[in-house]
Every structure is written in C-alpha cells, then in structure tokens.
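# Report on the structure
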Amino acid sequence: MVVGLQALEFADCLLDSPEFRENLSRHEKELDKTSQQIKRIIKEIKDLLTAARNLSRAQRALSKSLGEFNFEFIGSNQTEDEQTIVASLEQFSQLINTIEEERGRMLEQTQDNIVSALEYFRKEHIGGVKERKKLFGKKTAKFCQAQERFLSMSTKKSDLIIQEVIAFTN
C-alpha cells in the first residue's frame, strides 16, 4: 500500500502545529528527491545521446567505406559478380545514411523536447520553490531580529527603531 503526501492546508499553516511542520518537511524532502531523480534522468539521457551520436559517427564512417568500395579489375571491365557486389554495397551505404539522418533528427528532438523541458522544469519550478523558501527564511530571520530589538528596547529608545519595525511589518 503506497501512502502519498498529505495536502498542505492554509489553515494548518496558520496554526503552525508540529504535525503541519512535519508534513511540510515531508513535502520538502519529496521535492529534493524529485529534483535529484530528474537530474539523474537528465544525465542518463545525455549519456545515451552521446553514445547514440558516437554510434552514428561510426555508422556514417562505415557507410562512407561501403560507398567508396570498388574492385580493382583485370582487363577492361568488372565481372558481373563484382558489379553486383559494388552496387549492393552502395545501396547498403545509402540505407545506412538514411537511417543516420533519421537518427540525427530523433536525437535533436530528444534534446529539444525532453532534456530541455526537464531541465527547464527542474530549474524554474523546483528551483523556484527552493529559492522562494530561502528568501522566506531570510525575511523571517530579519523580522524576528526586528521584533527582538523592539521587545528589548527601553521606552526611551528612539522612534527610529519603532518606525523600522513598523516599516518592516508592512
């Protein structure tokens, strides 16, 4: 039985209960796990694309060799068998080239449609959440410091500090 994450409710956020914090922590851990999984998938796809490009180069080199194959013949003409072999190798060379052209298009589409989309999602959506969390943490720390200064000041302190706290809370 797979148990999913509990939904984060705004009302629970206002209560700030230990259960809410634990649930929030589980969501953050799941977000980190998802980010790492996407990163690993991107790396594996890139490795596969590199291997496919290397295979394609090797196939094209073979195709070129097959296309350039020719018999040295004795006399003025090639035999019928030699002509058949050369023609067959030329057709096979053209077939390999056609396959490699399609492979190249497929690799480009994979890069554009899968890898780029995954990188964008990971950077903009997951990374954006992490950045907003850091910003929230910094603002919270600054707010808490302002509150501590306000609570620890004497009644004779300058109105400047009070204005700073009021400005920050707005």
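Just above, that's the structure.
Now for a description of the structure that goes with this document. Note that this is a predicted model, so its numbers are computed, not measured.

Turning our attention to the overall build of the chain. Looking only at helices and strands, the chain features four helices and zero strands. Ordered by position from N to C terminus, the α and β elements of the chain give α-α-α-α. Per-residue burial over the chain gives 16% buried out of 170 residues. Carbon together with sulfur atoms contributes 57% to the accessible area of the chain, which is approximately 13600 Å² in total.

A few words now on the layout of surface pockets. There is about 670 Å³ of room inside the largest pocket. Lining the largest pocket are 19 residues, with Leu24, Glu28, Arg132, Lys133 and Phe136 positioned closest to its centre. If you list the elements that add at least two residues to the lining of the largest pocket, you get helix H2 (18-68) and helix H3 (80-152). No other element matches H3, which puts nine residues into the lining of the largest pocket. Counted by class, the lining of the largest pocket contains seven nonpolar, three polar and nine charged residues.

What follows covers the environment of Leu31. Along the polypeptide, Leu31 turns up in helix H2. As for Leu31 and Lys130, which are separated by 99 residues in sequence, their C-alpha atoms are 9.0 Å apart. Aside from chain neighbours lying at most four places away, what touches Leu31 is Ile126 and Val129.

Moving on, we get to the nonpolar core. By size, the foremost hydrophobic cluster in this structure holds eight residues: Ile38, Ile42, Ile45, Leu49, Ala52, Leu107, Val115 and Ile126. Broken down by element, this core gets its largest block of residues, five residues, from H2. When sequence neighbours within four positions are dropped, the list of residues in contact with Ile42 reads Val115, Leu118 and Glu119.

A few words now on the side chain of Ser56. For Ser56, the position within the fold is in helix H2. Since its relative accessible area comes to 8%, Ser56 is described here as buried. Ignoring sequence-local partners within four residues, the contact set of Ser56 consists of Glu100 and Arg103.

Right, let's get into H2. If you check H2, its first and last C-alpha atoms are 75 Å apart, about what 51 residues at 1.5 Å a residue would give, namely 75 Å. Along H2, the residues classified as buried are Phe20, Asn23, Ser35, Ile38, Ile42, Ile45, Leu49, Ala52, Ser56, Ser63 and Leu66.

In this section: the pattern of salt bridges. Tallied over the entire structure, the rule returns nine salt bridges. Between Glu44 and Arg40 there is a salt bridge; the shortest N-O distance is 3.9 Å. Taken together, the positions of Glu44 and Arg40, both in helix H2 and four residues apart, correspond to about one turn of that helix. A salt bridge links Lys43 to Asp47, with the shortest nitrogen-to-oxygen separation between them at 2.8 Å. Residue Lys43 and its partner Asp47 are located together in helix H2, separated by four residues, close to a single helical turn.

The subject of this paragraph is the packing of H2 against H3. Close contact between H2 and H3 brings their axes to 9 Å; oriented N to C, the two are set at 165°. For the element pair H2 / H3, the angle class is roughly antiparallel. By crossing handedness, the relation of H2 to H3 is classed as left-handed. Classifying every residue of the contact of H2 with H3 gives 20 nonpolar, 11 polar and 16 charged.

Cut-offs applied
- Residues numbered from 1 in each chain as written.
- Predicted model: local features only at pLDDT ≥ 70, side-chain atom pairs only at ≥ 80, totals over all residues.
- Heavy atoms only, no water.
- Helix = DSSP H or I, 4+ residues; strand = E, 2+ residues; numbered from the N terminus.
- Buried < 20%, exposed > 50% of the residue type's maximum accessible area, 1.4 Å probe, protein only.
- Areas by Shrake-Rupley, 256 points an atom, 1.4 Å probe, with all protein chains shown as cover.
- 1 Å grid on protein atoms, 1.4 Å probe; cavity = no way out; pocket = protein on both sides within 12 Å on 5 of 7 lines; lining within 4 Å.
- Points joined across faces, edges and corners; volume = space filled by probe spheres on them.
- Nonpolar A, V, L, I, M, F, W, Y, C, P; charged D, E, K, R; others polar.
- Contact = heavy atoms within 4.5 Å.
- Core = buried A, V, L, I, M, F, W, Y, C linked by side-chain atoms within 4.5 Å.
- Expected span 1.5 Å × (residues − 1).
- Salt bridge = Lys/Arg side-chain N within 4 Å of Asp/Glu carboxyl O.
- Axes fitted to C-alpha atoms, helices over the stretch in contact; angles between N-to-C directions.
- Parallel < 35°, antiparallel > 145°, perpendicular 65-115°, else oblique.
- Left-handed = near helix turned anticlockwise from the far one by under 90°.

Bear in mind that shape data such as this cannot, by itself, settle questions of function.
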